[in-house]
Amino acid sequence: MTAARPITVRRATRADLLSIYRIEKASFPQPWPFTAFEGFLDEPGFLVAVAGRSDRAGAREAMGEAEEDVVGYVVADSVPNHGRMIGHVKDLAVSPARRGEGIGRRLLSRALSTLGSESVGWVKLEVRDGNEPALALYREFGFELRRRVPRYYADGETALVMVRPIEA
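Report on the accompanying structure.

## Some points on the packing of aromatic side chains
Phase 1 of the analysis: As enumerated under the stated definition, the model contains seven aromatic pairs in all.
Phase 2 of the analysis: With centroids separated by 5.8 Å and ring planes inclined at 25°, the aromatic side chains of Trp 32 and Phe 40 adopt a geometry described as stacked.
Phase 3 of the analysis: Under the relative-accessibility criterion, Phe 40 is labelled buried at 17%.
Phase 4 of the analysis: Following the ring pairs from residue to residue traces out a cluster consisting of Trp 32, Phe 37, Phe 40, Phe 46 and Tyr 73.
Phase 5 of the analysis: Over the aromatic face of Tyr 153 sits the side chain of Arg 128, whose NZ or CZ is 4.2 Å from the ring centroid.

## As for unusual backbone geometry
Phase 1 of the analysis: We note that His 82 has phi near 55°; this positive angle belongs to a residue other than glycine.
Phase 2 of the analysis: Judged by relative accessible area, His 82 falls into the exposed class, the value being 79%.
Phase 3 of the analysis: The backbone of Arg 151 shows a phi angle near 55°, a positive value even though the residue is not glycine.
Phase 4 of the analysis: Examined against the element boundaries, Arg 151 turns out to sit in the loop between β6 (144-149) and β7 (159-165).

## Brief notes about the pattern of salt bridges
Phase 1 of the analysis: Applying the stated rule across the entire model yields ten salt bridges.
Phase 2 of the analysis: In this structure, Arg 10 engages Asp 16 in a salt bridge whose closest nitrogen and oxygen atoms are separated by 2.7 Å.
Phase 3 of the analysis: Accessibility expressed as a relative area gives 23% for Arg 10, which makes it partly exposed.
Phase 4 of the analysis: Overall, the relative accessible area of 6% leaves Asp 16 in the buried class.
Phase 5 of the analysis: Notably, a salt bridge pairs Arg 128 with Asp 155, separated by 3.0 Å at the nearest N-O pair. One end of the pair, Arg 128, is in strand β5 (residues 122-128); the other, Asp 155, is in the loop between β6 and β7, and 27 residues separate them in sequence.
Phase 6 of the analysis: Arg 128 sits in the buried class, given a relative accessible area of 12%.
Phase 7 of the analysis: Exposure remark for Asp 155: the relative accessible area of 46% places this residue in the partly exposed category.
Phase 8 of the analysis: Here the salt bridges share partners, and the residues they tie into one network are Arg 10, Asp 16 and Glu 68.

## A short note on the sheet that holds β6
Phase 1 of the analysis: Strand order in the open sheet formed by seven strands is β1-β2-β3-β4-β5-β7-β6, and the pairing between neighbours is mixed. Sheet topology places β1 (7-11) and β6 at the edges, where each strand pairs with a single neighbour. Direction aside, the axes of adjacent strands within the sheet are offset by 25° on average.
Phase 2 of the analysis: Looking at chain direction, strand β4 (residues 84-94) and β5 are connected through four bridges and run parallel. Across the sheet, the residue bridging to Val 89 is Leu 125, located in β5.
Phase 3 of the analysis: Helix α1 (residues 17-27) contacts β2 (45-52), β3 (68-81) and β4 of the sheet and is inclined by roughly 85° relative to β3.

Basis of the calculations
Residues numbered from 1 in each chain as written. Predicted model: local features only at pLDDT ≥ 70, side-chain atom pairs only at ≥ 80, totals over all residues. Heavy atoms only, no water. Phe/Tyr/Trp six-rings, centres within 6.5 Å; stacked < 30°, edge-to-face > 60°. Buried < 20%, exposed > 50% of the residue type's maximum accessible area, 1.4 Å probe, protein only. Lys NZ or Arg CZ within 6 Å of the ring centre and 35° of its normal. Helix = DSSP H or I, 4+ residues; strand = E, 2+ residues; numbered from the N terminus. Salt bridge = Lys/Arg side-chain N within 4 Å of Asp/Glu carboxyl O. Pairing = 2+ DSSP bridges. Axes fitted to C-alpha atoms, helices over the stretch in contact; angles between N-to-C directions. Contact = heavy atoms within 4.5 Å.

Printed below as a string of C-alpha coordinates:
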(Lines give C-alpha, C1' and ligand atoms only; values in the text may rest on other atoms or scores of the structure.)
Protein backbone atom coordinates (compact mmCIF):
# COMPACT_ATOMS: atom_id res chain seq x y z
CA MET A 1 0.00 0.00 0.00
CA THR A 2 1.40 3.39 -0.99
CA ALA A 3 1.37 6.16 1.62
CA ALA A 4 -0.81 9.16 0.89
CA ARG A 5 0.94 12.31 -0.20
CA PRO A 6 1.09 15.09 2.36
CA ILE A 7 -1.45 17.87 2.66
CA THR A 8 -0.63 20.92 0.56
CA VAL A 9 -2.24 24.36 0.54
CA ARG A 10 -2.84 26.22 -2.72
CA ARG A 11 -5.17 28.77 -4.30
CA ALA A 12 -8.70 27.57 -4.91
CA THR A 13 -9.79 26.94 -8.49
CA ARG A 14 -13.19 26.59 -10.14
CA ALA A 15 -12.67 22.81 -10.19
CA ASP A 16 -12.51 22.82 -6.36
CA LEU A 17 -15.86 24.54 -5.81
CA LEU A 18 -18.10 21.48 -5.53
CA SER A 19 -15.80 19.89 -2.94
CA ILE A 20 -15.63 23.19 -1.04
CA TYR A 21 -19.41 23.47 -1.07
CA ARG A 22 -19.80 19.92 0.24
CA ILE A 23 -17.46 20.69 3.15
CA GLU A 24 -19.37 23.93 3.81
CA LYS A 25 -22.70 22.08 3.98
CA ALA A 26 -21.25 19.44 6.30
CA SER A 27 -19.72 22.08 8.58
CA PHE A 28 -22.26 24.83 9.14
CA PRO A 29 -25.96 24.93 10.04
CA GLN A 30 -26.41 27.89 7.66
CA PRO A 31 -24.01 27.24 4.79
CA TRP A 32 -23.02 29.81 2.22
CA PRO A 33 -24.63 29.31 -1.19
CA PHE A 34 -22.44 27.82 -3.91
CA THR A 35 -22.44 31.12 -5.81
CA ALA A 36 -20.81 32.92 -2.87
CA PHE A 37 -17.66 30.87 -3.36
CA GLU A 38 -17.60 31.65 -7.08
CA GLY A 39 -17.32 35.34 -6.22
CA PHE A 40 -14.07 34.81 -4.29
CA LEU A 41 -12.15 32.81 -6.92
CA ASP A 42 -9.89 35.76 -7.77
CA GLU A 43 -8.98 36.43 -4.13
CA PRO A 44 -5.42 35.42 -3.19
CA GLY A 45 -6.78 34.43 0.23
CA PHE A 46 -9.20 31.82 -1.12
CA LEU A 47 -7.15 28.72 -0.38
CA VAL A 48 -7.71 24.98 -0.25
CA ALA A 49 -5.93 22.19 1.58
CA VAL A 50 -5.61 19.14 -0.65
CA ALA A 51 -4.56 15.57 0.04
CA GLY A 52 -3.11 13.49 -2.75
CA ARG A 53 -4.81 10.23 -3.56
CA SER A 54 -2.56 7.22 -3.29
CA ASP A 55 -4.93 4.57 -4.61
CA ARG A 56 -4.80 4.22 -8.39
CA ALA A 57 -3.82 7.88 -8.84
CA GLY A 58 -2.39 7.22 -12.30
CA ALA A 59 -5.60 5.55 -13.44
CA ARG A 60 -7.69 8.42 -12.07
CA GLU A 61 -5.55 10.99 -13.87
CA ALA A 62 -5.84 9.05 -17.14
CA MET A 63 -9.63 9.14 -16.79
CA GLY A 64 -9.57 12.89 -16.21
CA GLU A 65 -10.26 12.70 -12.47
CA ALA A 66 -8.40 14.83 -9.97
CA GLU A 67 -5.34 13.39 -8.27
CA GLU A 68 -6.17 15.19 -5.05
CA ASP A 69 -9.06 15.67 -2.68
CA VAL A 70 -10.00 19.01 -1.14
CA VAL A 71 -10.03 18.47 2.62
CA GLY A 72 -10.43 22.08 3.79
CA TYR A 73 -10.58 25.69 2.69
CA VAL A 74 -10.34 29.27 3.88
CA VAL A 75 -11.82 32.41 2.35
CA ALA A 76 -9.98 35.60 3.31
CA ASP A 77 -9.82 38.99 1.64
CA SER A 78 -8.93 42.58 2.40
CA VAL A 79 -11.18 45.61 2.39
CA PRO A 80 -10.65 49.33 2.97
CA ASN A 81 -11.46 50.50 6.49
CA HIS A 82 -11.08 54.19 7.32
CA GLY A 83 -8.31 54.62 4.75
CA ARG A 84 -6.40 51.48 5.74
CA MET A 85 -6.71 47.91 4.56
CA ILE A 86 -8.08 45.34 6.97
CA GLY A 87 -8.10 41.61 6.38
CA HIS A 88 -11.22 39.53 6.89
CA VAL A 89 -11.27 35.78 7.40
CA LYS A 90 -14.76 35.10 6.11
CA ASP A 91 -14.96 31.31 6.17
CA LEU A 92 -12.79 28.39 7.24
CA ALA A 93 -13.73 24.73 7.35
CA VAL A 94 -12.16 21.30 7.30
CA SER A 95 -13.85 18.10 6.18
CA PRO A 96 -15.37 16.43 9.25
CA ALA A 97 -13.37 13.26 8.51
CA ARG A 98 -10.07 15.20 8.59
CA ARG A 99 -10.54 17.41 11.65
CA GLY A 100 -7.91 17.30 14.36
CA GLU A 101 -5.00 16.91 11.92
CA GLY A 102 -3.84 20.54 11.94
CA ILE A 103 -5.35 21.33 8.54
CA GLY A 104 -7.30 24.36 9.79
CA ARG A 105 -4.12 25.65 11.44
CA ARG A 106 -2.20 25.38 8.14
CA LEU A 107 -4.97 27.11 6.20
CA LEU A 108 -5.23 29.97 8.69
CA SER A 109 -1.46 30.43 8.81
CA ARG A 110 -1.24 30.64 5.03
CA ALA A 111 -4.22 33.02 4.82
CA LEU A 112 -2.63 35.35 7.37
CA SER A 113 0.65 35.29 5.42
CA THR A 114 -1.23 36.09 2.23
CA LEU A 115 -3.05 39.00 3.87
CA GLY A 116 0.24 40.27 5.30
CA SER A 117 1.73 40.39 1.82
CA GLU A 118 -1.17 42.68 0.81
CA SER A 119 -0.15 45.36 3.36
CA VAL A 120 -2.96 44.50 5.74
CA GLY A 121 -2.34 45.79 9.27
CA TRP A 122 -5.19 44.00 11.06
CA VAL A 123 -7.35 40.95 10.47
CA LYS A 124 -10.84 40.37 11.78
CA LEU A 125 -13.27 37.47 11.78
CA GLU A 126 -16.62 36.49 13.19
CA VAL A 127 -17.15 33.18 14.95
CA ARG A 128 -20.10 31.57 16.67
CA ASP A 129 -19.98 32.03 20.43
CA GLY A 130 -20.37 28.28 20.93
CA ASN A 131 -17.77 27.10 18.41
CA GLU A 132 -15.08 26.07 20.90
CA PRO A 133 -12.71 24.35 18.44
CA ALA A 134 -12.63 27.46 16.23
CA LEU A 135 -12.24 29.79 19.21
CA ALA A 136 -9.26 27.75 20.45
CA LEU A 137 -7.63 27.96 17.02
CA TYR A 138 -8.16 31.70 16.70
CA ARG A 139 -6.84 32.34 20.21
CA GLU A 140 -3.78 30.25 19.39
CA PHE A 141 -3.13 32.65 16.48
CA GLY A 142 -3.45 35.70 18.70
CA PHE A 143 -6.98 36.78 17.87
CA GLU A 144 -8.66 38.68 20.69
CA LEU A 145 -12.31 39.40 21.34
CA ARG A 146 -13.28 42.87 20.13
CA ARG A 147 -17.05 42.69 20.64
CA ARG A 148 -20.12 40.47 20.75
CA VAL A 149 -22.92 40.77 18.21
CA PRO A 150 -26.14 39.29 19.61
CA ARG A 151 -28.39 37.41 17.17
CA TYR A 152 -25.79 37.76 14.38
CA TYR A 153 -26.64 34.36 12.92
CA ALA A 154 -30.08 33.51 11.52
CA ASP A 155 -30.64 30.96 14.30
CA GLY A 156 -30.14 33.71 16.91
CA GLU A 157 -26.65 32.74 18.06
CA THR A 158 -24.22 35.47 19.06
CA ALA A 159 -21.12 36.15 16.98
CA LEU A 160 -17.80 37.06 18.51
CA VAL A 161 -15.82 39.57 16.47
CA MET A 162 -12.13 38.83 16.94
CA VAL A 163 -9.11 40.80 15.71
CA ARG A 164 -5.35 40.54 15.58
CA PRO A 165 -2.53 42.59 14.10
CA ILE A 166 -0.44 41.36 11.19
CA GLU A 167 3.26 41.75 11.83
CA ALA A 168 5.08 43.70 9.13
